[in-house]
Amino acid sequence: MTLGAAHAQQNQTITVNKVPFTMIYVEGGTFTMGKDKVTDQDFRSDEPAHQATVGNFYCGETEVTQELWTAVMGKNPSRYADSNQNPVEQVSWGDCNHFVKKLCQLTGKKFRLLTEAEWEYAAKGGNKSKGYKYSGSDELQDVAWCFANSGDRPHAVKQKLPNELGIYDMSGNVTEWTSTGFSRYGTEPKLKPDEGGYRFVYRGGCDYSDERFSVVHHRNHGQRSDATAHRGLRLAMDAD
């Protein structure tokens, strides 16, 4: 294991078992999360719009690849395994947390899943946001593998344009687990994540998503045991 040279408030490149990956520094701030005035074509769980604040953190430049997952876990659970640069998939919420724990042990770094608020803030470009509908553009196919261009399968990361922060694939390719237990905005989950909550938020569009599912404010949720060929994860890392 080697660690790339890095300083506070700079991106970090970290290498685990000869596999490098980059974490993008995201300066925290307050932003508008969610959406007001949803229509019949929108989703009620996306409302209401409200102010949210996140601190400084690091966000994975890409979704966790099959190469990185295998370097940490020793095996690849993915269905679409023709390239080790494809995002890992067929991983449950519990699998992802096991991966994060092992990665922390290997690196001595404080990795974790993104919170839902961190995810949306990063997808919107953080304090560099230009207000795009999708993560990095108002044209979905410029930044995402989606229903219209994917052939109904994930693709190698970093093939589409990045967003304002230099982060890839947040509006497509695979959906991404977060650490946040699901509830409607303004209410508490029946069980918080550290108390065994059984439904967790996942974010982002995927290879079979259309425009409605790919906008940066859209949220969805699944059981912690779900493991599909269209869902993976993106890493967060503490900035302290």
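To be clear, the structure that these remarks concern was listed above.
Predicted, not measured: the structure shown is a model, and the values here were computed from it.

1. With respect to the overall build of the protein chain
Scanning the protein chain from N- to C-terminus turns up five helices and 12 strands. Its C-alpha atoms give the protein chain a radius of gyration of 16 Å, near enough to 18 Å, the size a compact globule of 240 residues would have. Across its three principal axes, the protein chain shows a C-alpha extent of roughly 50 × 40 × 35 Å. Residue burial in the protein chain is summarised as follows: out of 240 residues, 51% are buried. In the protein chain, of all internal contacts separated by at least 6 residues, the share reaching a separation of at least 24 is 68%. With the model as given, the accessible surface of the protein chain reaches about 11,000 Å², and the carbon-plus-sulfur share is 46%. Of note, the protein chain has its 28 positive side-chain charges centred 4 Å away from the centre of its 31 negative side-chain charges.

2. Some details on the nonpolar core
What tends to happen in soluble globular proteins is that the nonpolar side chains get buried as a cluster. Counting residues in each nonpolar core, the largest one holds 27 residues, and the members touching the most others are Phe 21, Phe 99, Phe 111, Leu 233 and Leu 235. Breaking this core down by element, the ones donating at least two residues are strand 2 (12-16), strand 3 (19-26), helix 1 (66-73), helix 2 (93-107), strand 7 (111-113), strand 9 (199-203) and strand 12 (235-238). Apart from residues lying up to four places away in sequence, Phe 99 is in contact with Val 64, Leu 68, Trp 69, Val 72, Met 73, Leu 233 and Leu 235. Counting residues in hydrophobic clusters, the runner-up holds 20 residues, among them Ile 24, Met 33, Ala 117 and Tyr 185.

3. Quick look at unusual backbone geometry
Each neighbour pair has its own omega, and for Glu 47 with Pro 48 the value is -5 degrees, a cis peptide bond. Despite not being glycine, Asn 17 has its phi angle at roughly 50 degrees, a positive value. Residue Asn 17 is classed as partly exposed on the basis of its relative accessible area of 43%. The phi dihedral of Asp 152 is positive, around 60 degrees, even though this residue is not glycine. As for its position among the elements, Asp 152 is in the loop between helix 4 (140-143) and strand 8 (175-181). Look at Asp 152 and you get partly exposed, because its relative accessible area is 44%.

4. Notes on the environment of Phe 213
Relative to the assigned elements, Phe 213 resides in helix 5 (residues 211-214). Remark: the alpha-carbon pair of Phe 213 and Trp 93, spanning 120 residues in sequence, is separated by 20 Å. For Phe 213, the contacting residues outside a window of four places in its chain are Phe 43, Gly 204, Gly 205 and His 218.

5. Brief notes about the side chain of His 218
Structurally, the position occupied by His 218 is in the loop between helix 5 and strand 10 (219-223). Its relative accessible area of 5% is what places His 218 among the buried residues. Reaching out from His 218, the side chain makes a polar contact with the side chain of Asp 46 at a distance of 3.1 Å. Residues in contact with His 218, not counting those within four places in the same chain, are Phe 43, Asp 46, Arg 203, Arg 212 and Phe 213.

6. Thoughts on the side chain of Ser 92
Position of Ser 92 relative to the elements: it lies in the loop between helix 1 and helix 2. Setting aside chain neighbours within four positions, we find Ser 92 in contact with Trp 177, Arg 224, Ser 225, Asp 226 and Ala 227.

What counts as what
Residues numbered from 1 in each chain as written. Predicted model: local features only at pLDDT ≥ 70, side-chain atom pairs only at ≥ 80, totals over all residues. Heavy atoms only, no water. Helix = DSSP H or I, 4+ residues; strand = E, 2+ residues; numbered from the N terminus. Rg over C-alpha atoms; globule rule 2.2 N^0.38 Å. Buried < 20%, exposed > 50% of the residue type's maximum accessible area, 1.4 Å probe, protein only. Contact = heavy atoms within 4.5 Å. Areas by Shrake-Rupley, 256 points an atom, 1.4 Å probe, with all protein chains shown as cover. Lys, Arg positive; Asp, Glu negative; His and termini not counted. Charge placed at Lys NZ, Arg CZ, Asp CG, Glu CD. Core = buried A, V, L, I, M, F, W, Y, C linked by side-chain atoms within 4.5 Å. Polar contact = N/O pair within 3.5 Å; in protein donor to acceptor, adjacent residues only side chain to side chain.

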